[in-house]
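Inside the fold
For reference, the chains in residue letters:
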Amino acid sequence: MTSSSTPGLTRFNTLADDEATTALHEVCASAAWRRAILSRRPYADAEALLLASDTATAALSPEDLADAMAGHPPIGRPKPGDPASAREQRGMADATEELKAEMLELNLAYQERFGHVFLICATGTTGEQMRDAVKSRIGNSPEQERDIVRTELGKINRIRLTRLVEEDKD
């Protein structure tokens, strides 16, 4: 291990495969992504883990990408009991009822057009920014949108992995 290793990374590197798989499922719902991350353990440092995540995300087939997106709730409706989605979507928590209703309509229109939830790295993003993003992206071609979704998923995975390896659980 290098000096940049954290207790959380050491814990992740030494988890049994089934425990590591469970932890990684909280990061990304794609089984292919989880297998790729598990296959490269142990990681010397957090940056190596993040680079492996980037590589695994880039390699996802369209079906694997759909699996990954299936694990994400619509913007404005975080999964009950899921602190990660609630934390990531905090920008919608204080939104007006009008904005929440507008996001619901936009989410439904987006899902009808593309066949999956609108995915955005919502961490640090306001409700208005999320609304503007869905409005600007709904006119994209499916290919353009798939590329954007892959980029957004990569950002989300990096944030969640960083949290995973920085947590100090006893």
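Residue positions are given per chain, counted from 1 along the sequence in the order it is written. Given that the model is predicted, a residue must reach a pLDDT of at least 70 before its local features are reported, and side-chain atom pairs must reach 80 or more before they are shown or counted; all residues, however, enter totals for whole chains, interfaces and linings. The basis for every side-chain value is the complete set of heavy atoms in the structure, and neither hydrogens nor water enter the calculation.

With that settled, consider the packing of helix α3 (residues 31–39) against helix α4 (residues 46–58). Here α3 crosses α4 at 145°, and the two axes come no closer than 9 Å. Regarding α3 and α4, the two cross each other, and that crossing is right-handed. Contacts between α3 and α4 involve W33, A36 and I37 on the former and, on the latter, L49, A52, S53, A56 and T57. Throughout this entry, Asp, Glu, Lys and Arg are counted as charged residues, while Ala, Val, Leu, Ile, Met, Phe, Trp, Tyr, Cys and Pro are counted as nonpolar. The remaining residues, Gly among them, count as polar. For the contact of α3 with α4, the per-class residue count stands at six nonpolar, two polar and no charged. Inter-axis angles, ranging from 0 to 180 degrees, are taken between N-to-C directions of lines fitted to C-alpha atoms, where helices are fitted over the stretch in contact. Secondary structure is summarised from DSSP: a helix means a run of H or I of at least four residues, a strand means a run of E of at least two, and numbering begins at the N terminus for each. Put simply, a crossing is left-handed when the front helix is turned counterclockwise from the back one by less than a right angle, and right-handed when it is turned clockwise. By the convention used here, residues are in contact when the closest approach between their heavy atoms is within 4.5 Å.

Counting residues in hydrophobic clusters, the biggest one holds 43 residues, and the most contacted among them are F12, W33 and I37. The leading source of residues in this core is helix α10 (residues 142–166), at six residues. Aside from chain neighbours lying at most four places away, what touches I37 is F12, L24, Y43, L49, A52, S53 and A56. By convention a nonpolar core is built from buried Ala, Val, Leu, Ile, Met, Phe, Trp, Tyr and Cys residues, the set being connected through side-chain atoms within 4.5 Å. Here the term buried applies to any residue with accessible area under 20% of the maximum for its type, exposed to any over 50%, and partly exposed to those in between, with areas from a 1.4 Å probe on protein chains only.

For the rest of this paragraph, the subject is the pattern of salt bridges. Salt bridge, as used here, is a side-chain nitrogen of Lys or Arg placed within 4 Å of a carboxyl oxygen of Asp or Glu. Counted under the stated rule, the structure contains nine salt bridges. Each member of the salt-bridge network shares a partner with another, and the members are E102, R131, D132 and K135.

Another aspect to go through is the packing of aromatic side chains. Geometry of aromatic contacts follows a simple scheme: Phe, Tyr and Trp rings, the Trp one being its six-membered ring, pair when their centres are within 6.5 Å, and the pair is stacked under 30 degrees between planes, edge-to-face over 60, tilted otherwise. Counted by the stated rule, this structure contains three aromatic pairs. Ring plane angle 25° and centroid distance 6.5 Å describe the contact between F12 and Y43, whose orientation is recorded as stacked. Of the two residues, F12 sits in helix α1 (residues 7–14) while Y43 sits in the loop between α3 and α4, which places them 31 residues apart along the sequence. What makes F12 buried here is its relative accessible area of 2%. Taken together, the ring pairs in this structure connect Y110, F114 and F118 into an aromatic cluster. Whether a charge sits over a ring comes down to the Lys NZ or Arg CZ being within 6 Å of the ring centre and within 35 degrees of the ring normal. One Lys or Arg, R41, reaches over the ring of F12 and ends 5.5 Å from the middle of that ring.

Checked against the element boundaries, H116 lands in the loop between α8 (97–114) and α9 (127–137). Excluding residues within four positions of it along the chain, H116 makes contact with M69, Y110, Q111 and V149.

The next subject is the environment of L38. Tracing the backbone through its elements, the reader meets L38 in helix α3. Accessibility expressed as a relative area gives 18% for L38, which makes it buried. Sequence separation between L38 and M92 is 54 residues; the distance between their C-alpha atoms is 33 Å. What L38 contacts, discounting residues up to four positions off in sequence, is D17, A20, T21 and L24.

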